[in-house]
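Single-letter residue listing:
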Amino acid sequence: MENASVNNKSKRRKATEFSLKDKVAIVTGSSRGIGESIARTFADHGARVVLTSRKIDALKAVEEKITGAGGKAEAIACHNGNMADIANLFSQVKEKYGKVDVLVNNAATNFYFGDVLNATEAAWDKTVEVNMKGYFFMSQHAAKMMIDGGGGSIINIASVNAVRPALMQGIYSITKAGVVNMTKAFAKELAPYGVRVNAILPGLTETKFASVMTSNEELMEKIILPTIPMKRVAQPDEMAGAALFLACSASSYVTGTTIVVDGGGLA
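Just so it is clear, the model here is predicted, and its values are computed rather than measured. (Residues numbered from 1 in each chain as written. Predicted model: local features only at pLDDT ≥ 70, side-chain atom pairs only at ≥ 80, totals over all residues. Heavy atoms only, no water.)

**Q** Run through the overall build of the protein chain, naming residues and quoting values.
**A** On a plain count of helices and strands, the protein chain comes out with 9 helices and 7 strands. Computed over the C-alpha atoms, the radius of gyration of the protein chain is 19 Å, within 12% of the 18 Å expected from 2.2 N^0.38 for a compact globule of 267 residues. Seen along its three principal axes, the alpha-carbon backbone of the protein chain occupies a region of about 65 × 45 × 40 Å. Taking all 267 residues of the protein chain together, 47% fall into the buried category. Across the protein chain, the fraction of contacts at a sequence separation of at least 24, relative to all contacts at a separation of at least 6, is 71%. If you sum the accessible surface of the protein chain, you get close to 13500 Å²; carbon and sulfur atoms cover 53% of it. (Helix = DSSP H or I, 4+ residues; strand = E, 2+ residues; numbered from the N terminus. Rg over C-alpha atoms; globule rule 2.2 N^0.38 Å. Buried < 20%, exposed > 50% of the residue type's maximum accessible area, 1.4 Å probe, protein only. Contact = heavy atoms within 4.5 Å. Areas by Shrake-Rupley, 256 points an atom, 1.4 Å probe, with all protein chains shown as cover.)

Dropping the structure here:
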C-alpha cells in the first residue's frame, strides 16, 4: 500500500513538471521583446531553442545570451510571411534535430496605426501575411513533424485586441481575433494526434512593438492605464511563464483555449 502511494506521488510530480529537457522549441520573433523572453525561459528549463526572425544579427545576440548562460540555442533567419523561408526553416530543423516539440508563433506586425476608413490594401495584406498566413503555415509545418514525433505543443501569441479591438488598430485587432479562432480550429483537428494548440493574449507590454503607445505619456495616463486594474503595462518576462506552462507537461490536458495576461484589463 505504501509503495502504491509513493508511485502515485511520483506520477503526480511528473504530470506537473515544468521541464522542457530534451525538447526542441521554435520561437518566432525571438530577437527581442516577448519572443526573446520566452526563448530564454525555455532554454532555462532545458529546451534546445531555435530562434527565428528576419534579421540574423539580432538573433545571434540572443543566441549568445542563451549559450553564455549555459543554455542551448541556434539562430535561423526566417521571414514569418514568406513560404520559402518557412519551408527552409523546418527543413533545417528536421535535418539537425529530427523533430520539433514546441512552436511559439510570436512574430507579428502592426503595420498600420490609423482608422479603418483610411486603411490601404497594402496595410491589410502586410498585416494578414505575417499575423495570420505566417501563423497558419508555421503551425501546419510544425504539426506534421509533431504528429510524426508523437505529439507537441503549439502556442500562438494573440492579443487582448482579439477580444476588444483597439482604436486605430483595426486591422491588427482583426488578425488577432483570427489567431484565436485559428487556435481552436487547429486544436480540434490535432488533439487526436497528441498535439495541443493554445493561445496567450497579452495586454499592453513594454516592447519596441508597442512603443508607439507606451512612449506617449498623455495617452498612457489619460486613456490606457485607467483601463488596467494593476495600473501598469506588462514586462516581456511576464508572458514567459504562461508560455512555459503551455509548452510543458503541466498543461497536458489543456488545448483549444486562451490565457489572458493583461493585468485585469478584460476583467
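On we go from here.
**Q** Hey, could you go over the pattern of salt bridges for me, with residue numbers and the actual values?
**A** Scanning all chains against the criterion turns up 6 salt bridges. Close ionic contact of Lys96 with Glu74 constitutes a salt bridge, the shortest N to O distance being 2.4 Å. Of the two residues, Lys96 sits in helix H4 (residues 83-97) while Glu74 sits in strand S3 (residues 72-77), which places them 22 residues apart along the sequence. Take Lys96: its relative accessible area is 43%, and that puts it in the partly exposed class. Salt bridges linked by common partners bring Glu36, Arg40 and Lys65 together as one network. (Salt bridge = Lys/Arg side-chain N within 4 Å of Asp/Glu carboxyl O.)

**Q** Hey, could you go over H4 for me, with residue numbers and the actual values?
**A** Given a rise of 1.5 Å per residue, 15 residues ought to cover 21 Å, and the 21 Å separating the end C-alpha atoms of H4 matches this to within 8%. Among the residues of H4, those classed as buried are Ile86, Leu89, Phe90 and Val93. Seen end-on, H4 carries its buried residues on one side only, within an arc spanning 85°. Of the residues in H4, the exposed ones pointing more than 90 degrees away from the buried face are Ala84 and Glu95. Capping of H4 at its N-terminal end is provided by Asn82; its side-chain oxygen lies 3.0 Å from the backbone amide nitrogen of Ala84. (Expected span 1.5 Å × (residues − 1). Arc of directions from axis to C-beta. Polar contact = N/O pair within 3.5 Å; in protein donor to acceptor, adjacent residues only side chain to side chain.)

**Q** Any details on the pairing of strand S1 (residues 24-28)? Residues and values, ideally.
**A** With 5 of 5 residues buried, S1 lies mostly within the body of the structure. Covered by surrounding structure in S1 are Val24, Ile26 and Thr28 together with Ala25 and Val27, the residues of both alternating faces. Both S1 and strand S2 (residues 48-53) contribute to a ladder of 5 bridges, which runs parallel. Note on S2: the bridge partner recorded for Val27 is Leu51. This β-α-β element, S1 to helix H2 (residues 33-44) to S2, shows right-handed connectivity. Pairing between S1 and strand S4 (residues 102-105): 3 bridges, direction parallel. Considered in S4, the bridge of Ala25 is made with Val102. (Pairing = 2+ DSSP bridges. Right-handed = clockwise from strand over helix to strand, strands pointing away.)

**Q** For the sheet that holds S3, give the residues involved together with the corresponding values.
**A** On the basis of which strands lie adjacent, the open sheet formed by 7 strands has the order S3-S2-S1-S4-S5-S6-S7 and parallel pairing. Edge positions in the sheet fall to S3 and strand S7 (258-261), since each has one partner strand and no second. The sheet shows a mean angle of 20° between the axes of neighbouring strands, taken without regard to direction. With respect to the sheet, H2 is in contact with S1, S2, S3, S4, strand S5 (152-157) and strand S6 (195-202), its orientation differing from that of S1 by roughly 170°. Against the sheet, helix H6 (residues 170-190) engages S5, S6 and S7, with an angle of about 160° to S6. (Axes fitted to C-alpha atoms, helices over the stretch in contact; angles between N-to-C directions.)

**Q** Please provide a residue-by-residue account of the packing of aromatic side chains, values included.
**A** Throughout the structure, instances matching the rule amount to 3 aromatic pairs. With a centroid separation of 6.5 Å and 35° between ring planes, the pair formed by Phe18 and Phe245 is classed as tilted. Of this pair, Phe18 sits in the loop between helix H1 (2-15) and S1 while Phe245 sits in helix H9 (residues 237-247), and the two are 227 residues apart along the sequence. Taking relative accessible area as the criterion, Phe18 reaches 42% and is therefore assigned partly exposed. On the accessibility criterion, Phe245 (26% relative accessible area) is partly exposed. Here the aromatic rings of Phe136 and Phe186 are separated by 5.3 Å at their centres, their planes lie at 75°, and the arrangement is edge-to-face. Of this pair, Phe136 sits in helix H5 (residues 121-149) while Phe186 sits in helix H6, and the two are 50 residues apart along the sequence. On the basis of relative accessible area, Phe136 is assigned to the partly exposed category, the value being 33%. In this structure Phe186 comes out as buried when scored by relative accessible area, which is 13%. Each residue in the set Phe136, Phe137 and Phe186 is aromatic and connected to the rest through ring pairs, giving one cluster. (Phe/Tyr/Trp six-rings, centres within 6.5 Å; stacked < 30°, edge-to-face > 60°.)

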